[in-house]
Amino acid sequence: MPRPKKCRRICCNPTTNYFKPCGIPINELKEIVLERDEFDALKYSDIDKLSQDESSDIMQISRQTYGRILQSARKKVSLSIINGYLLKINN
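Residues numbered from 1 in each chain as written. Predicted model: local features only at pLDDT ≥ 70, side-chain atom pairs only at ≥ 80, totals over all residues. Heavy atoms only, no water.

(A) Quick look at the sheet that holds strand S1 (residues 18–19). What the 3 strands build is an open sheet, ordered S1-S3-S2; its pairing is mixed. Across the chains shown, the open sheet's two edge strands, defined by having one partner strand only, are S1 and strand S2 (31–34). Pairing of S1 with strand S3 (residues 86–89), which is carried by 2 bridges, proceeds in the antiparallel orientation. Residue Tyr 18 lies in a different strand from S3, and its bridge partner there is Lys 88. Contacts from helix H1 (residues 36–47) reach S2 and S3 within the one sheet, and its direction differs from that of S2 by about 70°. The strands touched by helix H3 (residues 63–83) are S2 and S3; relative to S2, the strand with the most contacts, the crossing angle is about 150°. (Pairing = 2+ DSSP bridges. Helix = DSSP H or I, 4+ residues; strand = E, 2+ residues; numbered from the N terminus. Contact = heavy atoms within 4.5 Å. Axes fitted to C-alpha atoms, helices over the stretch in contact; angles between N-to-C directions.)

(B) Molecular detail of helix H2 (residues 52–59). All of the buried residues in H2 are Ser 55, Ser 56 and Met 59. The arc enclosing the buried residues of H2, seen along the axis, measures out at 100°, which places them on a common side. Its buried side turned inward, H2 meets H1 and H3. Two residues or fewer past H2, Gln 60 is found with a positive phi of approximately 60°. (Buried < 20%, exposed > 50% of the residue type's maximum accessible area, 1.4 Å probe, protein only. Arc of directions from axis to C-beta.)

(C) Structural detail: H1. The terminal C-alpha atoms of H1, which comprises 12 residues, lie 16 Å apart, in line with the 16 Å expected from a rise of 1.5 Å per residue. Among the residues of H1, Arg 36, Asp 37, Glu 38, Asp 40, Ala 41, Leu 42, Tyr 44 and Ser 45 are the ones counted as buried. The secondary structure elements touched by the buried residues of H1 are S2, H2, H3 and S3. One or two residues past the end of H1 sits Lys 49, with phi positive at roughly 55°. (Expected span 1.5 Å × (residues − 1).)

Function-wise, these values are silent; they only describe arrangement.
Now the structure itself:
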């Protein structure tokens, strides 16, 4: 039986919820969902230039968990850019 998911502190609110390639209708695109904790992890690492230790302290999770969240977020964003998928940010 897996451990219960620990609550994470989420601070950022995205101004938009969808990013898609230009000229293709939404109903024709495969969707990738970026969770809010993944969105925060990207912001802290790539925009705010915080270390994993600082970011994990802000989110109140372990550094290893933060690293996994960040890796997942970067993979989803890369897939959506390279393959032209619809990127949805969950609220």
